[in-house]
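What follows is the residue order along each chain.
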Amino acid sequence: MLAAAPSILDPAGPGARQIESLWWPMLWISTVVFVVVVGFLVRAMARGRRDGYDTLDRDEPKWGEPFIAIAGVFIPALILAGVYVYSLRGMNELSDAGSDPSFEIDVIARNWWWEARYENGAVTANEIHIPVGETVRLNLISEDVIHSFWVPELQAKTDHVPGHDNHMWLEADEPGRYRGQCAEFCGLQHANMVFYVVAEERDDFDTWVAEQAAPLEPRSIPLSVAEGEDLFLTSSCAGCHVVRGTTATGTLGPDLTHLMSRETIAGVLPNTEQNLRAFISDPHPFKPGVSMPPTELSQDEIDEVVAYLRSLN
Ligand code: CUA
């Protein structure tokens with residue numbers, strides 16, 4: 001489920017298609033150049049052998065200096081200029097940061113996770129939902145160091161630079177789940193700074209984003225998890241995490257209001273009860289270096305907190 005390696009050569013949206021349309025011609029052009037150059041090299045080596053190394057007074061080469069000017073300067077300049085103009089055209093289309101977007105999402109990168117904030121108040125982590133076939137504008141924000149937002153199947157990399165918000169757009173052709181990855185080395189858990197873009201039909205997206213925007217409905221919390229809730233709200237958990245609608249208002253870690261609607265824990269583990277228990281006990285085996293410390297709660301208390309978190313739909 002979490003292992004699929006995405007490729008820019010498997011585009012699922014107009015952004016990645018643009019890159020693919022640049023990648024293939026450049027591969028073929030460089031292949032032709034490589035074959036021609038190696039051909040000349042092999043020919044020169046063969047001649048060197050045949051003539052021996054002591055015959056310095058050779059005939060003038062047939063094409064002489066014009067050949068060097070044409071094959072060594074003119075043709076390479078033509079190829080490089082052509083590729084340059086062609087890639088500028090592509091870059092232009094990619095950097096047109098969603099001139100007519102359906103809506104905007106703030107994507108905030110932190111060591112080492114992603115937060116997505118929607119215009120209606122929805123907040124989620126390591127998972128960005130978008131409606132299929134619509135252009136969505138992204139405001140890429142960093143809260144600490146430089147990160148880079150990259151969804152190979154959908155769009156080019158764009159850096160999150162502290163103090164300078166960047167912009168990018170996303171669009172997917174088909175419903176699906178596209179893996180994203182931080183593409184700028186940002187510390188110990190750079191490789192595990194993973195997220196997923198979930199593209200879904202408009203109706204499904206509308207339902208999702210409305211649910212995510214809603215604070216926790218206190219009545220929806222079953223009595224059986226009251227002790228876990230109490231532990232969560234009074235322990236250090238609430239110092240770093242928000243559960244909207246409760247007294248937990250920490251902002252250092254991910255918003256947990258609708259934790260159970262997410263497919264992963266911290267982008268790296270399937271969101272199961274067992275993984276949740278293990279991650280709370282000590283997240284460091286899964287994401288070494290994360291800010292979240294191992295818990296000081298007892299095993300029974302962890303079970304109660306897990307039961308509470310499992311009720312957060
Ligand atoms: Cu964030 Cu690499």
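Please refer to the structure placed before this passage.
All figures in this text were calculated on a predicted structure; none of them were measured in a lab. (Residues numbered from 1 in each chain as written. Predicted model: local features only at pLDDT ≥ 70, side-chain atom pairs only at ≥ 80, totals over all residues. Heavy atoms only, no water.)

Asker: So what exactly am I meant to see when it comes to the packing of aromatic side chains here?
Answerer: Each aromatic ring pair is summarised here by two numbers: the centre-to-centre distance and the angle between the ring planes. Following the criterion strictly, the structure yields 13 aromatic pairs and no others. For the ring pair phenylalanine 40 and phenylalanine 67, a centre distance of 5.6 Å and an interplane angle of 65 degrees mean the geometry is edge-to-face. Placement of phenylalanine 40 in helix H1 (residues 14-51) and of phenylalanine 67 in helix H2 (residues 64-95) is noted, with a sequence separation of 27 residues between them. Overall, the relative accessible area of 39% leaves phenylalanine 40 in the partly exposed class. By the ring-pair criterion, three or more aromatic residues cluster together here, those being Phe103, Tyr118, Phe205 and Trp208. Above the face of the tyrosine 196 ring, arginine 177 is positioned so that its terminal group lies 4.0 Å from the ring centre. (Phe/Tyr/Trp six-rings, centres within 6.5 Å; stacked < 30°, edge-to-face > 60°. Helix = DSSP H or I, 4+ residues; strand = E, 2+ residues; numbered from the N terminus. Buried < 20%, exposed > 50% of the residue type's maximum accessible area, 1.4 Å probe, protein only. Lys NZ or Arg CZ within 6 Å of the ring centre and 35° of its normal.)

Asker: Help me understand the nonpolar core in this model?
Answerer: Judged by nonpolar contacts, the single largest core of 38 residues is most densely connected at Ile105, Tyr118, Ile128, Ile130, Phe149 and Val197. With four residues, strand E1 (residues 103-110) is the largest single contributor of residues to this core. Filtering out sequence-adjacent residues up to four positions away, phenylalanine 149 remains in contact with Val107, Trp114, Ile128, Leu138, Leu140, Ala156, Lys157, Thr158, His160, Leu170, Gln181 and Phe195. (Core = buried A, V, L, I, M, F, W, Y, C linked by side-chain atoms within 4.5 Å. Contact = heavy atoms within 4.5 Å.)

Asker: Looking at this structure, I do not really get the environment of glutamate 65. What am I missing?
Answerer: Topologically, glutamate 65 is positioned in helix H2. Spatially, the C-alpha atoms of glutamate 65 and proline 14 are 46 Å apart, while their sequence positions differ by 51 residues.

Asker: Looking at this structure, how should I read helix H4 (residues 226-234)?
Answerer: Because each turn of an α-helix spans 3.6 residues, side chains separated by three or four positions in sequence point in the same direction. Among the residues of H4, Gly228, Leu231 and Phe232 are the ones counted as buried. Taken end-on, H4 shows its buried residues confined to a sector of 100 degrees, consistent with a single buried face. Residues of H4 that are exposed and point over 90 degrees away from its buried face: Glu227 and Thr234. Check the buried side of H4 and you find it contacts helix H5 (237-240) and helix H7 (299-309). (Arc of directions from axis to C-beta.)

Asker: Could you clarify how one ought to interpret the pairing of strand E4 (residues 127-131) in this entry?
Answerer: In summary, the side chains of a regular strand alternate between the two faces of the sheet. Counting buried positions over the five residues of E4 gives five, a clear majority of the element. Side chains Glu127, His129 and Pro131 project from E4 onto one buried face, and the interleaved Ile128 and Ile130 project onto a second face that is buried too. By the bridge criterion, five bridges tie E4 to strand E10 (residues 194-200) in an arrangement that is parallel. Along E10, the bridge assignment pairs glutamate 127 with tyrosine 196. (Pairing = 2+ DSSP bridges.)

Asker: Explanation requested: the state of the cysteines in the structure shown.
Answerer: Linking two cysteines covalently through their sulfur atoms gives a disulfide. A full pass over the atoms with the stated rule returns zero disulfides. Unpaired in this structure, cysteine 237 has its nearest cysteine sulfur neighbour in cysteine 240, at a distance of 8.8 Å. (Disulfide = S-S within 2.5 Å.)

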